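An overview of the molecular structure
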Amino acid sequence: MKRPLIAALTAAMLCSPLFAVTAHADDVRSRMIRFGYGLNENSNQGRAAKLFAEEVAKASEGKLKMRTYAAASLGSDDQMQSALIGGAQEMMVGSTATLVGITKEMAVWDTPFLFTREQQADAVLDGPVGRKVMDKLEEKGLVGLVYWENGFRNLTNNARPITKLEDFSGIKLRVMPNPVFLETFKLMGANAVPLPFSELFTALETRAVDGQENPYNTILSSKFYEVQKYLTVTNHVYSPWIVTASKRWWDGLSQTEQGIILEAAKKARDFERQDTRAEAAQALAALKANGMQVNEISPAEVERMREQAKPAIQQVVDTVGQPLFDEVQAALEASGS
Ligand code: TK8
């Protein structure tokens with residue numbers, strides 16, 4: 001006799017709007033999310049972080065409070081990654097290149113001259129192989145949500161305009177702490193020095209290094225034009241950013257909470273890519289106006305650089321394995337862009 005009564009009661013509860021509201025409220029708890037990043041607040045990364053936090057707040061009716069920390073105030077990419085793994089920080093965005101020491105498959109995005117257009121990057125990164133690489137993070141204690149755009153990297157330095165391969169000789173060049181970048185610029189003949197981004201401006205200012213490479217957007221937002229004279233349009237690699245979460249923390253969230261954060265990260269991604277491209281389109285003029293001397297490289301010299309970089313491509317293959325490398329190439333061809 002008891003059973004039908006409980007069943008009836010349960011059915012009534014499930015249908016009641018009050019119950020639905022309570023269930024939803026229980027699903028989203030009041031939480032603080034620390035979201036760290038390396039660039040200034042006034043940058044493409046900072047603008048997207050702000051929008052991300054706003055979207056999370058909106059969708060959770062203010063319960064999920066995302067606090068953003070600019071300019072590596074929670075640490076360099078590497079330090080934040082460790083904090084996420086240990087559960088001391090919830091979320092961050094940074095370069096995929098700085099994750100290679102944790103998840104070697106990330107090195108596939110470091111392949112010199114892999115993409116030539118942003119649309120290729122979107123198709124490959126947002127497709128199944130992009131997801132596959134991202135999912136490799138989980139066994140290391142991180143959860144990858146979405147890729148944002150850092151962008152095509154270009155070279156700046158204080159020694160001379162780089163117009164040909166030989167011009168790299170003797171240039172002390174800061175690279176990201178990443179084996180493929182280190183090897184690529186050694187192959188070019190530069191004296192490549194790995195340094196975290198958070199130490200870069202000072203290293204340039206004090207002339208500890210002669211140059212660095214980053215997208216136009218970053219050269220502008222980090223004011224590298226104040227301490228760098230020459231800019232060479234090399235577009236030598238497309239650099240993704242990746243939004244990650246601490247797996248230890250993420251696994252404790254309800255599905256609703258995870259869904260809210262993921263959706264907001266996607267909205268921020270779409271905004272960020274548009275914003276980055278719009279800014280990049282006018283950044284070169286702004287950098288010139290700020291006194292930088294800009295030069296391009298002839299197609300023949302670019303070809304020589306590509307040829308010179310081949311052992312670095314082999315290094316990527318050896319690191320990530322031929323099957324994954326081929327999968328990326330196939331996705332690139334299938335992208336048709
Ligand atoms: C920001 C870095 C930056 C990267 C670099 O933390 O280190 O040069 O391009 O965007 O991840």
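Residues numbered from 1 in each chain as written. Predicted model: local features only at pLDDT ≥ 70, side-chain atom pairs only at ≥ 80, totals over all residues. Heavy atoms only, no water.

Examined against the element boundaries, Ala330 turns out to sit in helix α14 (residues 322–335). Overall, the relative accessible area of 44% leaves Ala330 in the partly exposed class. Ala330 sits 201 residues away from Val129 along the chain, and the two C-alpha atoms are 9.7 Å apart. (Helix = DSSP H or I, 4+ residues; strand = E, 2+ residues; numbered from the N terminus. Buried < 20%, exposed > 50% of the residue type's maximum accessible area, 1.4 Å probe, protein only.)

One open sheet holds the five strands; their spatial order is β2-β1-β3-β10-β4, and the pairing between them is mixed. In the strand order of this sheet, the two ends are held by β2 (64–69) and β4 (142–152), each with one partner. With strand direction ignored, the average angle separating the axes of adjacent strands in the sheet is 20°. Relative to strand β10 (residues 238–246), strand β3 (residues 91–95) is paired through five bridges, and the arrangement is antiparallel. For Met91, the partnering residue across the bridge sits in β10 and is Ala245. Here helix α6 (residues 128–135) sits on the sheet in contact with β4 and β10, set at roughly 125° to β4. (Pairing = 2+ DSSP bridges. Axes fitted to C-alpha atoms, helices over the stretch in contact; angles between N-to-C directions. Contact = heavy atoms within 4.5 Å.)

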